[in-house]
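# Structure at a glance
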Amino acid sequence: MEPSQIQQAWAERGFSCTMWTDPPGQVWANFVHEVDELVTLIEGEIELSFQGQTLRPRIGEEVFIPAEARHTVRNIGATTNRWCFGYKRKN
């Protein structure tokens, strides 16, 4: 799925959508958000850790991170990755 398709699908579900690029080894540790978050890998490899689980989604696979869940995102691949993340919009 292309980023524009993800953006449209998420907007219909009330989520924002931003594409992000990380170099190999990049770690975003211990983030907490007040709202639900979605993550989808576009290219490369990624690892998400939250609520006692560690996930390595395939390209195109969506991961739901609930509000208030402390989470970490890692580029575990040898190449740059691209991924989309979005937050549930408050009404």
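Higher on the page you've got the structure.
Procedures and definitions
- Residues numbered from 1 in each chain as written.
- Predicted model: local features only at pLDDT ≥ 70, side-chain atom pairs only at ≥ 80, totals over all residues.
- Heavy atoms only, no water.
- Helix = DSSP H or I, 4+ residues; strand = E, 2+ residues; numbered from the N terminus.
- Rg over C-alpha atoms; globule rule 2.2 N^0.38 Å.
- Buried < 20%, exposed > 50% of the residue type's maximum accessible area, 1.4 Å probe, protein only.
- Contact = heavy atoms within 4.5 Å.
- Areas by Shrake-Rupley, 256 points an atom, 1.4 Å probe, with all protein chains shown as cover.
- Lys, Arg positive; Asp, Glu negative; His and termini not counted.
- Charge placed at Lys NZ, Arg CZ, Asp CG, Glu CD.
- Pairing = 2+ DSSP bridges.
- Axes fitted to C-alpha atoms, helices over the stretch in contact; angles between N-to-C directions.

Before going further, it helps to examine the overall build of the protein chain. On a plain count of helices and strands, the protein chain comes out with one helix and eight strands. Computed over C-alpha atoms, the radius of gyration of the protein chain comes to 12 Å, within 12% of the 12 Å expected from 2.2 N^0.38 for 91 residues, which places it in the range of a compact globule. The dimensions of the protein chain, computed from C-alpha atoms along their principal axes, are 40 × 30 × 15 Å. Relative to its full complement of 91 residues, the protein chain shows a buried share of 36%. Counting only contacts in the protein chain whose residues sit at least 6 apart along the sequence, the fraction spanning at least 24 positions is 73%. When the accessible surface of the protein chain is split by element, carbon and sulfur atoms take 48% of a total near 5,400 Å². Across the protein chain, the centroid of the 9 positively charged side chains sits 3 Å from that of the 12 negatively charged ones.

Moving on: the sheet that holds strand 1 (residues 18-22). Across the sheet, four strands lie side by side as 1-8-3-6; this open sheet has antiparallel pairing. Among the strands making up the open sheet, the edge pair consists of strand 1 and strand 6 (62-65). In this sheet, adjacent strand axes meet at a mean angle of 25° when their direction is disregarded. Sheet topology places strand 3 (residues 37-43) next to strand 6; four bridges connect them, and they run antiparallel.

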